[in-house]
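Commentary on secondary and tertiary structure
Below, each chain spelled out in residue letters.
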Amino acid sequence: MGRSITLIFAVKELRTLYWEDIDLDNIGVCADYLSSGNPFTSNYSQILDGHYYYLRHKPGKQDAYIIYQDEGKVIGKFNVDGDMDIFLKYKDGYYVSYYDGDDQLSRINVEKEMDAVCSGDSWYCGEIPLMIGSPFWLYDNCVFYYPGYSIEEGTGNRIQKNEEDVKVMAKAPLSNLADVKEVKIPNKIIENKPYLVFADGKIFYGEENRGKINLYSYDMETNTELKFFSFRQKKRRIKDKVKIQLDKDYIYCGDYLIPLSGGPIQIIDNKNKKIDYSYNEKYIYYIDEKFYVHRVDKKMTENNSIINQVKAMKVDATDQSVYVQGYDRDLFEDTVIPYEALEDRDWDNSDWDWYSCALYKMDSDGKNLYKIADEVTEIEDK
């Protein structure tokens, strides 16, 4: 049953949020194109079930990879027969998408000493006919994606689709990717990719319209859309696609913190433009425009401080530790892209390896910083 939450936006401006609590254990994973193949292996990182996951590759073997957890625990090793596009963990499985003439998806057998991933092995999931450059989502043991082509009746020929031709999403179970069904969706979902959240049978997303932010949920069972919150920005901080994330405390909407307990809507930082952020049970972490990591107390958001002098391009937080991927000054400053364009730019889809190979771990307060990986290749056993 939904509830109405009174929020305060600006001075004495009351707004109502219509919200139904969701099961955060039943939330999808977005598999956006990560450029995670060599030499971009170090770009991948993911927090799931309280652990931190990352990749390195075998020295001298450009198509062989090692999956690590936390400070260097080896989870598994695999090589790919093709160009790896995406790696991610979903539930208890590890998945890789790769291109061998078609877009393929396989689950990795981490019990093998070195799993040879290819479209002919027993852990092969199937082909994903993705639109070029499009993400996909793993949710409810299914793959959701924007189809890149349709099948012509009579001939069986593939007809390539342009982005403007896509009106539906495709859904297929991980156990049988050939069993494809259409999922009807509003155009706003297509326009806001990849910033969609799949949870409890719904898709959550946002829309920016001339300074006004509208937040929606779409029920995939009843095919109904609900606008559950909207507000007009006093200063237009979000100008294009609206990225939202959810936990039990907040809806994270760009720089805005929307409290699910009611009360004031806050901007996470009035001075700096965040680049990347993460959160855990107690704190929110983000990186400012000078590449320093900040920590914000969830209960007292005015408690905002730089926790370490290490410069970073990405931050991930578990409840116990904070992991950061290092800032590479030479790579960053050799580009011609101004800082103002970075927030809307998909770094991982670019031709630049924005992250250095340095990977650091520190306590939740920024103390006890140490490097856990320095190279893109295999790291020493811990």
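Each residue is numbered by its place in its chain's sequence as written, counting from 1. Per-residue local features of the predicted model are confined to residues with pLDDT of at least 70, and side-chain atom pairs are confined, for both listing and counting, to 80 or more; whole-chain, interface and lining totals are unaffected and use all residues. The side-chain figures draw on all heavy atoms in the structure; neither hydrogens nor water molecules are used.

**A word on the pairing of strand E1 (residues 3-9)**
Looking along a regular strand, one sees side chains alternate from face to face of the sheet. So the rule is basically this: Here a strand pair is declared whenever DSSP counts at least two bridges between the two strands. Where helices and strands are cited, they refer to DSSP runs of H or I of at least four residues and of E of at least two residues respectively, numbered from the N terminus.
Across seven bridges, the pairing between E1 and strand E2 (residues 13-19) is antiparallel. Residue arginine 3 lies in a different strand from E2, and its bridge partner there is tryptophan 19. One ladder, built from two bridges, connects E1 with strand E26 (residues 263-264); its direction is parallel. By the bridge assignment for E26, leucine 7 is matched with glycine 263.

**Some remarks on the environment of tyrosine 256**
Our working definition: Using a 1.4 Å probe on the protein chains alone, a residue whose accessible area is under 20% of its type maximum counts as buried, one over 50% counts as exposed, and one in between counts as partly exposed. The contact criterion used is simple: two residues touch if any of their non-hydrogen atoms lie within 4.5 Å. Any pair of N or O atoms that falls within 3.5 Å is considered a polar contact. Within protein, one atom must be able to donate a hydrogen and the other to accept it, and sequence-neighbouring residues count only if both atoms are side-chain atoms.
By the secondary structure assignment, tyrosine 256 is in strand E25 (residues 256-259). On the accessibility criterion, tyrosine 256 (2% relative accessible area) is buried. Along the primary structure tyrosine 256 and glutamine 233 are separated by 23 residues, whereas in three dimensions their C-alpha atoms are 9.8 Å apart. Ignoring any residue separated from it by four or fewer positions in sequence, one finds tyrosine 256 in contact with Phe9, Phe231, Gln233, Lys235, Arg237, Ile238, Ile251, Ile265, Gln266 and Ile267. In terms of polar contacts, tyrosine 256 uses its side chain to reach the side chain of glutamine 233, at 3.4 Å.

**Some remarks on the sheet that holds E25**
The pairing of strands in a sheet happens through backbone hydrogen bonds and is either parallel or antiparallel. Across the sheet, four strands lie side by side as E23-E24-E25-E27; this open sheet has antiparallel pairing. The sheet terminates laterally at strand E23 (244-246) and strand E27 (266-267), the two strands that pair on one side only.

**What to know about the sheet that holds strand E10 (residues 103-107)**
Counted only if it meets this: Note on method: axes are straight lines fitted to C-alpha atoms, helices fitted across the in-contact stretch only, with angles between N-to-C directions ranging 0 to 180 degrees.
The four strands are arranged E8-E9-E10-E12 in an open sheet whose pairing can be described as antiparallel. The open sheet has two edge strands, strand E8 (83-90) and strand E12 (124-127), and neither has a second partner. Taking the axes of each pair of neighbouring strands and ignoring which way they run, one obtains an average angle of 20 degrees across the sheet. Bridge count for E10 against E12 is three bridges, and the pairing is antiparallel. Looking at the pairing, leucine 105 lines up with glycine 126 of E12.

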